[in-house]
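# Geometric and topological summary
For reference, the chains in residue letters:
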Amino acid sequence: MPSPSQVPAPGTPPVVSPARVLAGLCLLVPIVVMLWVPSYGKTSPELGGMPFFYWYQLLWVPLSALFTGSAYLLIRRDEAARRAASAVPGPVLPAQPKDGGLA
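Scope of this entry: the structure provided in the associated data block. All of these numbers come straight from a predicted model, not from anything done at the bench.

## Side note on the overall build of the protein chain
When helices and strands are tallied, the protein chain shows two helices and zero strands. Counting all 103 residues of the protein chain, 15% fall into the buried class. Taking contacts inside the protein chain between residues at least 6 apart in sequence as the whole, the part at least 24 apart equals 56%. Total accessible area on the protein chain is roughly 8200 Å²; 72% of this is exposed by carbon and sulfur atoms.

Spelled out as structure tokens, the structure:
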């Protein structure tokens, strides 16, 4: 049984949301692709005289930046949604008459 500090308060969004899972996958894709060396450990096809091994790795520099930026935006949007969902509105005060209550 989880301890009371691990149980989320009622009405709060779950800790693991689809946006966070997608952000994690965005961060994982470039890592897995670059660690899977047999997929690009060859010399052909060449691009501008550069072997495939080199231009493929260079191609992943901007692609990794795009994946990382996407993950950042997903987490940022998820955090904003969490803050909006957890915002508790203050007490509603009765409207004050325009004449200050003198009438």
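## Quick look at the packing of helix H1 (residues 18-35) against helix H2 (residues 52-86)
Two numbers describe how H1 lies on H2: the axes approach to 8 Å, and their chain directions differ by 165°. Here H1 is positioned roughly antiparallel relative to H2, judged by the angle of their axes. The handedness of the crossing between H1 and H2 is left-handed. Class assignment for the residues of the contact of H1 with H2 results in 15 nonpolar, four polar and four charged.

## Remarks on the nonpolar core
Most often, soluble globular proteins keep nonpolar side chains buried together rather than apart. Judged by nonpolar contacts, Val 33, Tyr 40, Phe 52, Tyr 56 and Trp 60 together constitute the single largest core of five residues. With three residues, H2 is the single largest residue contributor to this core. Val 33 has contacts with Ser 39, Tyr 40, Tyr 56 and Trp 60, leaving out every residue within four places of it along the chain.

What counts and how
- Residues numbered from 1 in each chain as written.
- Predicted model: local features only at pLDDT ≥ 70, side-chain atom pairs only at ≥ 80, totals over all residues.
- Heavy atoms only, no water.
- Helix = DSSP H or I, 4+ residues; strand = E, 2+ residues; numbered from the N terminus.
- Buried < 20%, exposed > 50% of the residue type's maximum accessible area, 1.4 Å probe, protein only.
- Contact = heavy atoms within 4.5 Å.
- Areas by Shrake-Rupley, 256 points an atom, 1.4 Å probe, with all protein chains shown as cover.
- Axes fitted to C-alpha atoms, helices over the stretch in contact; angles between N-to-C directions.
- Parallel < 35°, antiparallel > 145°, perpendicular 65-115°, else oblique.
- Left-handed = near helix turned anticlockwise from the far one by under 90°.
- Nonpolar A, V, L, I, M, F, W, Y, C, P; charged D, E, K, R; others polar.
- Core = buried A, V, L, I, M, F, W, Y, C linked by side-chain atoms within 4.5 Å.

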